[in-house]
Amino acid sequence: MTLSPLSSASAEAAPQYCTFVVDGLLFGVRVQEVQEVLRFQPLTPVPLAADSVRGLLNLRGQIVTAVCLRRCLSRPLREGDDLPLNVVVRSRGEAVSLLVDEVGDVVDTTGFDLLPPPANLPPAVRDLLEGVIALPDSILLVLDFDRAVDVPHDASPGGTS
(Lines give C-alpha, C1' and ligand atoms only; values in the text may rest on other atoms or scores of the structure.)
Protein backbone atom coordinates (compact mmCIF):
# COMPACT_ATOMS: atom_id res chain seq x y z
CA MET A 1 0.00 0.00 0.00
CA THR A 2 1.35 3.41 -0.95
CA LEU A 3 0.51 6.46 1.08
CA SER A 4 -0.69 9.40 -0.90
CA PRO A 5 0.44 12.92 0.05
CA LEU A 6 -3.06 13.48 1.46
CA SER A 7 -2.67 10.47 3.77
CA SER A 8 0.69 11.72 5.03
CA ALA A 9 -0.70 15.18 5.62
CA SER A 10 -3.69 13.73 7.46
CA ALA A 11 -1.40 11.69 9.71
CA GLU A 12 0.57 14.82 10.61
CA ALA A 13 -2.58 16.84 11.20
CA ALA A 14 -4.11 14.22 13.49
CA PRO A 15 -1.73 13.79 16.42
CA GLN A 16 -2.22 10.55 18.27
CA TYR A 17 -0.80 9.82 21.67
CA CYS A 18 0.07 6.56 23.39
CA THR A 19 -1.28 7.09 26.90
CA PHE A 20 -0.16 5.71 30.23
CA VAL A 21 -0.70 6.36 33.91
CA VAL A 22 1.90 7.20 36.54
CA ASP A 23 0.65 7.74 40.11
CA GLY A 24 -2.86 8.49 38.87
CA LEU A 25 -1.75 11.06 36.29
CA LEU A 26 -2.55 10.47 32.60
CA PHE A 27 0.45 11.03 30.34
CA GLY A 28 0.92 10.72 26.62
CA VAL A 29 3.70 10.57 24.05
CA ARG A 30 3.19 10.76 20.29
CA VAL A 31 2.63 7.29 18.86
CA GLN A 32 5.35 7.75 16.24
CA GLU A 33 7.88 8.14 19.08
CA VAL A 34 6.89 4.84 20.72
CA GLN A 35 8.84 1.78 19.65
CA GLU A 36 6.77 -0.72 21.63
CA VAL A 37 4.96 -1.43 24.87
CA LEU A 38 5.95 -4.41 26.99
CA ARG A 39 5.03 -6.11 30.23
CA PHE A 40 7.57 -5.87 32.98
CA GLN A 41 10.92 -7.26 31.93
CA PRO A 42 13.72 -8.39 34.24
CA LEU A 43 16.26 -5.61 34.69
CA THR A 44 19.99 -5.83 35.15
CA PRO A 45 21.14 -3.38 37.84
CA VAL A 46 23.48 -0.55 36.87
CA PRO A 47 25.92 0.14 39.70
CA LEU A 48 26.29 3.82 40.64
CA ALA A 49 23.57 4.92 38.21
CA ALA A 50 21.19 7.73 39.12
CA ASP A 51 18.24 6.56 41.18
CA SER A 52 15.84 7.10 38.28
CA VAL A 53 17.74 4.49 36.21
CA ARG A 54 16.24 1.22 37.40
CA GLY A 55 18.39 -1.01 35.20
CA LEU A 56 18.99 -2.34 31.72
CA LEU A 57 16.80 -4.70 29.77
CA ASN A 58 17.72 -6.90 26.87
CA LEU A 59 15.20 -6.27 24.14
CA ARG A 60 15.94 -8.97 21.57
CA GLY A 61 19.65 -8.19 21.73
CA GLN A 62 19.21 -4.42 22.05
CA ILE A 63 20.29 -3.09 25.45
CA VAL A 64 17.75 -0.54 26.68
CA THR A 65 17.97 1.71 29.73
CA ALA A 66 14.87 1.53 31.95
CA VAL A 67 13.95 4.81 33.64
CA CYS A 68 11.43 5.03 36.49
CA LEU A 69 9.01 7.84 35.62
CA ARG A 70 7.85 8.00 39.23
CA ARG A 71 11.37 9.00 40.22
CA CYS A 72 11.67 11.46 37.33
CA LEU A 73 8.39 13.09 38.35
CA SER A 74 9.26 13.09 42.08
CA ARG A 75 6.21 10.91 42.77
CA PRO A 76 6.10 8.28 45.53
CA LEU A 77 7.41 4.86 44.60
CA ARG A 78 4.94 2.13 43.74
CA GLU A 79 3.79 0.01 46.67
CA GLY A 80 2.80 -3.61 46.67
CA ASP A 81 3.62 -6.30 44.17
CA ASP A 82 2.42 -4.56 41.02
CA LEU A 83 5.16 -4.52 38.45
CA PRO A 84 5.67 -1.57 36.13
CA LEU A 85 5.13 -1.75 32.40
CA ASN A 86 7.62 -0.63 29.77
CA VAL A 87 6.85 2.05 27.20
CA VAL A 88 9.89 1.98 24.94
CA VAL A 89 10.48 5.30 23.18
CA ARG A 90 13.18 6.58 20.86
CA SER A 91 15.12 9.38 22.53
CA ARG A 92 17.85 10.96 20.43
CA GLY A 93 18.31 7.82 18.38
CA GLU A 94 18.40 5.43 21.34
CA ALA A 95 15.68 3.26 22.79
CA VAL A 96 14.74 4.08 26.38
CA SER A 97 12.13 2.28 28.45
CA LEU A 98 9.83 4.42 30.58
CA LEU A 99 8.54 2.42 33.55
CA VAL A 100 4.86 3.26 34.03
CA ASP A 101 1.96 1.99 36.17
CA GLU A 102 -0.62 1.31 33.45
CA VAL A 103 -0.81 1.61 29.69
CA GLY A 104 -3.91 3.23 28.24
CA ASP A 105 -5.34 3.64 24.79
CA VAL A 106 -4.08 5.52 21.79
CA VAL A 107 -5.90 8.86 21.84
CA ASP A 108 -6.57 10.94 18.74
CA THR A 109 -6.40 14.60 19.70
CA THR A 110 -7.68 16.07 16.45
CA GLY A 111 -9.47 19.29 17.26
CA PHE A 112 -7.78 19.76 20.64
CA ASP A 113 -5.00 22.25 21.27
CA LEU A 114 -1.75 21.61 23.08
CA LEU A 115 -1.73 24.18 25.87
CA PRO A 116 1.08 25.28 28.20
CA PRO A 117 1.31 23.28 31.43
CA PRO A 118 -0.76 24.94 34.17
CA ALA A 119 1.09 26.65 36.99
CA ASN A 120 -0.72 24.58 39.63
CA LEU A 121 1.05 21.36 38.62
CA PRO A 122 3.97 20.34 40.83
CA PRO A 123 7.20 21.76 39.33
CA ALA A 124 8.72 18.28 38.96
CA VAL A 125 5.80 17.31 36.72
CA ARG A 126 5.39 20.64 34.90
CA ASP A 127 9.09 20.79 33.99
CA LEU A 128 8.88 17.51 32.06
CA LEU A 129 5.85 18.39 29.96
CA GLU A 130 5.51 19.71 26.44
CA GLY A 131 2.02 20.81 27.39
CA VAL A 132 -1.43 19.58 28.25
CA ILE A 133 -4.47 18.68 26.19
CA ALA A 134 -7.90 19.12 27.73
CA LEU A 135 -9.87 16.09 26.53
CA PRO A 136 -13.61 15.79 27.20
CA ASP A 137 -13.13 13.42 30.14
CA SER A 138 -9.56 13.99 31.27
CA ILE A 139 -6.42 16.09 31.04
CA LEU A 140 -3.64 14.54 28.98
CA LEU A 141 -0.16 15.52 30.17
CA VAL A 142 2.08 15.42 27.09
CA LEU A 143 5.47 14.20 28.26
CA ASP A 144 8.74 15.57 26.89
CA PHE A 145 10.51 12.25 27.36
CA ASP A 146 13.87 13.62 26.16
CA ARG A 147 13.81 15.91 29.18
CA ALA A 148 12.52 13.14 31.43
CA VAL A 149 15.39 10.79 30.61
CA ASP A 150 18.02 13.56 30.49
CA VAL A 151 17.86 14.95 33.96
CA PRO A 152 19.67 13.18 36.77
CA HIS A 153 16.69 13.50 39.11
CA ASP A 154 18.52 12.08 42.04
CA ALA A 155 22.26 11.93 42.06
CA SER A 156 22.27 9.23 44.69
CA PRO A 157 23.09 5.79 43.35
CA GLY A 158 20.18 3.44 43.07
CA GLY A 159 19.72 1.17 40.15
CA THR A 160 17.25 -1.51 41.08
CA SER A 161 13.96 -2.27 42.74
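**Student:** Would you mind going over the pairing of strand β10 (residues 139-143) with me for this structure?
**Tutor:** Residues in a regular strand project their side chains so that they alternate between the two faces of the sheet. In terms of burial, β10 is largely enclosed, as four of its five residues are buried. Bridge analysis of strand β2 (residues 25-30) against β10 gives two bridges, and the strand direction is parallel. Directly across from Gly28, in β10, lies its bridge partner Val142. Taken together, the five bridges between strand β9 (residues 129-134) and β10 define a ladder with antiparallel strand orientation. By the bridge assignment, Ala134 is partnered in β10 with Ile139.

**Student:** Help me understand the sheet that holds β2, please; the structure alone is not making it clear to me.
**Tutor:** Strands in a sheet are paired, the pairing made by backbone hydrogen bonds, and the direction either parallel or antiparallel. The sheet built from five strands is open, its strands ordered β8-β1-β2-β10-β9 with mixed pairing. Each having just a single partner strand, β8 (102-108) and β9 make up the two edges of the open sheet. For this sheet, the mean angle separating the axes of adjacent strands, direction not counted, is 30°.

**Student:** So what exactly am I meant to see when it comes to the pattern of salt bridges here?
**Tutor:** When the charged atoms of two side chains with opposite charge come close together, those side chains can pair. If you walk through the whole model with that rule in mind, you get ten salt bridges. Taking the shortest distance from any N to any O, the salt bridge between Arg30 and Glu130 comes out at 2.9 Å. With Arg30 in strand β2 and Glu130 in strand β9, this residue pair connects regions lying 100 residues apart in the sequence. Looking at Glu130, the relative accessible area reads 29%, which means it is partly exposed. Two residues, Asp101 and Arg70, come together in a salt bridge whose shortest N-O distance is 2.7 Å. One end of the pair, Asp101, is in the loop between β7 (94-100) and β8; the other, Arg70, is in helix α2 (residues 69-72), and 31 residues separate them in sequence. Grouping residues by exposure puts Asp101 and Arg70 together as buried. Put simply, Asp23, Arg70, Arg75, Arg78 and Asp101 are held in one network by salt bridges that share partners.

**Student:** Explain the nonpolar core to me, please; I cannot follow it from the model alone.
**Tutor:** Note that soluble globular proteins tend to have their nonpolar side chains buried in a common cluster. By size, the foremost hydrophobic cluster in this structure holds 24 residues, and its most contacted members are Phe20, Phe27, Val29, Leu69, Leu98 and Leu143. Looking at this core, the elements that each hand over two or more residues are β1 (16-22), β2, α2, β6 (85-91), β7, β9, β10 and α4 (145-150). Each residue touching Val29, except ones within four places of it in the same chain, is listed here: Gln16, Tyr17, Cys18, Phe20, Val34, Val89, Leu143 and Phe145. Leu57, Val88, Ala95 and Leu99 belong to the second-largest nonpolar core, a separate cluster that totals eight residues.

**Student:** What's the story with the sheet that holds strand β5 (residues 62-68) in this structure? I'm lost.
**Tutor:** If you trace the five strands from one edge of the open sheet to the other, you get β3-β6-β7-β5-β4, paired in mixed fashion. Looking along the sheet, the strands with just one partner apiece sit at the ends: β3 (34-38) and β4 (53-59). Taking each pair of neighbouring strands and ignoring which way they run, the sheet shows an average axis angle of 30°.

**Student:** Please explain unusual backbone geometry as it appears in this structure.
**Tutor:** A negative phi angle is the norm for most residues apart from glycine, just as the trans form is the norm for most peptide bonds. For Asp23, which is not a glycine, the phi torsion comes out positive at approximately 50°. Mapped onto the fold, Asp23 is located in the loop between β1 and β2. Residue Arg60 is not a glycine yet carries a positive backbone phi of 50°. Tracing the backbone through its elements, the reader meets Arg60 in the loop between β4 and β5. The exposure class of Arg60 is exposed, given its relative accessible area of 66%.

Rules behind the numbers
Residues numbered from 1 in each chain as written. Predicted model: local features only at pLDDT ≥ 70, side-chain atom pairs only at ≥ 80, totals over all residues. Heavy atoms only, no water. Buried < 20%, exposed > 50% of the residue type's maximum accessible area, 1.4 Å probe, protein only. Helix = DSSP H or I, 4+ residues; strand = E, 2+ residues; numbered from the N terminus. Pairing = 2+ DSSP bridges. Axes fitted to C-alpha atoms, helices over the stretch in contact; angles between N-to-C directions. Salt bridge = Lys/Arg side-chain N within 4 Å of Asp/Glu carboxyl O. Core = buried A, V, L, I, M, F, W, Y, C linked by side-chain atoms within 4.5 Å. Contact = heavy atoms within 4.5 Å.

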